[in-house]
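Here are the chains, one letter per residue:
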Amino acid sequence: MYQAPRGTSDILPEEQPFWRYIEQKAVNICQLYGYERIDSPAFEDADIFIRTIGEETDIVEKEMYTFEDRGGNKLTLRPEGTAPVCRAYIEHGLHNLPQPVKLYYITPIFRYERPQAGRYRQHYQFGCEAIGDADPALDAEVIDVAWRFFASLGLRQLSLQLNSIGCKQCRPQYLTALKDYYAKYHRDLCPDCKTRLKRNPLRLLDCKKPGCQQLANLAPKSIDHLCPQCAEHFDRLKRYLGLLEIPFEVNHRLVRGLDYYTRTVFEIQPEAEGAQNTLGGGGRYDDLIEELGGKPTPALGFAIGIERIILNLKKQGISAPPLPQPQVFIAYIGDDARVEAIKLAARLRQAGTGVIEAIGNKSLKAQLRQANTLNVRHTVIIGEDEIKTSTVILRDMTTGEQKTVPVSELSESLK
Ligand code: AMP
């Protein structure tokens, strides 16, 4: 028997209310803040991701779905949403528009990860990008969008973790301080961290091994090594978050898994579980557009995992509103009645009433049972007598009450 590939899943009709609920809240919040939708292709030139995410990251080293097409092009299924949006910004000259350009997407993401609860090989992300301004007010707005989005879903007990990891100017000194610190404890590091120390020392700060965590807690902090401009940027961001009444915690171990971040980084987590189950995160990427061949353009954004939202909605006992479904079922007895049923269903649908028709040669009892499981409000029954008198029987499925109604008045009675 064939199965969906490991780490992927089908979204069956019973799960769809959650997906539509989340999508609708995302669209609403984006309209409220003036973010417009962008959809990019499912795959891109592999180089776009390798250059921006960074060769030393887990995503590029181990997780990308990269393949060569029949024309010899090296392509990668989208492993994150930001670089494609930046590629589109440059390609379509969006820097000519008033800045910042504010965009959002809801899209599948592909990463070859080890599947577990909340971690899949295909998952969906809702993301926002605000491109073209370095003002910390824009950082505050982007964080506000993410924060209010979760609130609009009804999710509670979330924590916002915040950090600043500096810029091209101040980062090198900080990395030197980090390396000097860790050099003293080299023997105590896990094997992964020993490698990371040479290639990507920031990542030592978010190692999940208890020994490394203890060392990370006492490691030098990026916020103590910021240049005056980055320090001022971070101070103003914190002030604006205060104005917006968004509670945050400065977490000096927050660095994120992609190399392109500069200055602001943030994550939103369920209070109970912490970083293992991060709902979403993001930050500034002031050098990314230049890296892709555009003009220097400051920007930031976030991405939120939709499957993780659903896990948390369920955990918090929040259900999604049901999706609209036909409220009328048409049952019939005999072939002549079937002809009438087909005609009647067509007429009702044309008038905008959703209808489910009985299909096949089932007994009336079986048809009513089907109507029951479909949870419709009304069942219309057509038999020989009804054909002769141009009427139908209208059954209220909640009370079981039945009455005979002229076909011409059915629409009115259903209202
Ligand atoms: P990232 O691009 O890694 O910062 O991911 C952004 C968000 O997407 C995370 O906070 C998660 O909610 C979600 N996410 C990331 N990777 C996965 C995955 N493999 N499976 C499910 N959700 C994921």
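Summary of the structure given here. Quick caveat, the model's predicted, so the values are computed rather than measured.

Once that is clear, we can look at the site of the ligand. Neighbouring the ligand are 14 residues; Arg111, Glu113, Tyr120, Arg256 and Leu279 lie closest to it. Glutamate 113 places a side-chain nitrogen or oxygen 2.5 Å from a nitrogen atom of the ligand. Within the side chain of arginine 256, an N or O atom sits 2.7 Å from an oxygen atom of the ligand. Look at the ligand: alone it shows 480 Å² of surface, and the protein chains cover 92% of it. Its residues assigned to classes, the shell around the ligand shows three nonpolar, six polar and five charged.

A few words on the sheet that holds strand S3 (residues 66-68). With antiparallel pairing, three strands are arranged side by side in an open sheet as S2-S4-S3. Of all the strands in the sheet, just strand S2 (43-45) and S3 have a single pairing partner and so form its edges. Geometrically, the sheet is characterised by an average inter-axis angle of 35° between neighbouring strands, direction not taken into account. Direction of pairing for S2 relative to strand S4 (residues 74-77): antiparallel, over a ladder of three bridges. Its bridge partner being in S4, glutamate 44 is matched across the sheet by threonine 76. Against the sheet, helix H2 (residues 46-53) contacts S2, S3 and S4, and its axis sits at roughly 75° relative to S2.

Another point: the packing of aromatic side chains. Here the structure, examined in full by the defined rule, presents 11 aromatic pairs. Both rings, one in phenylalanine 43 and one in phenylalanine 67, keep their centres 6.1 Å apart while their planes meet at 80°; by these two values the pair is edge-to-face. Of the two residues, phenylalanine 43 is situated in strand S2 and phenylalanine 67 in strand S3; the sequence distance between them amounts to 24 residues. Taken together through their ring pairs, the aromatic side chains of Tyr104, Phe126, Phe149, Phe150 and Phe302 make up a single cluster. The aromatic ring of tyrosine 112 is capped on one face by arginine 121, whose charged end is 3.9 Å from the ring centroid.

What counts and how
- Going along each chain's sequence as written, the residues are numbered from 1 onward.
- Local features in this predicted model are restricted to residues whose pLDDT is 70 or higher, and side-chain atom pairs enter the listing and the counts only when it is 80 or higher, whereas totals over whole chains, interfaces and linings include all residues.
- Side-chain metrics rest on all non-hydrogen atoms present in the structure, leaving aside hydrogens and water.
- Throughout this document, a residue counts as near a molecule or strand when at least one of its heavy atoms sits within 4 Å of that molecule or strand.
- Polar contacts, as counted here, are pairs of nitrogen or oxygen atoms within 3.5 Å of one another; within protein the pair requires one atom able to donate a hydrogen and one able to accept it, and residues that are adjacent in sequence qualify only if both atoms are side-chain atoms.
- Note that accessible areas follow from Shrake-Rupley with a 1.4 Å probe, and for residues the cover is restricted to the protein chains shown.
- The residue classification treats Ala, Val, Leu, Ile, Met, Phe, Trp, Tyr, Cys and Pro as nonpolar and Asp, Glu, Lys and Arg as charged. All others, Gly included, are polar.
- Strand pairing requires that DSSP identify at least two bridges connecting the strands.
- The secondary structure listing takes helices from DSSP runs of H or I that are at least 4 residues long and strands from runs of E that are at least 2 residues long, numbered from the N terminus.
- The angle between two axes is taken between their N-to-C directions and runs from 0 to 180 degrees, where each axis is a line fitted to C-alpha atoms and a helix contributes only its stretch in contact.
- Residue contacts are defined here by distance: any two heavy atoms, one from each residue, within 4.5 Å place the two residues in contact.
- We call Phe, Tyr and Trp rings a pair once their centres come within 6.5 Å, taking the six-membered ring for Trp, and we label the pair stacked below 30 degrees between planes, edge-to-face above 60, and tilted otherwise.
- Working rule: Lys NZ or Arg CZ, within 6 Å of ring centre, within 35 degrees of ring normal, means a charge sits over the ring.

Nothing here speaks to function; it is geometry throughout.
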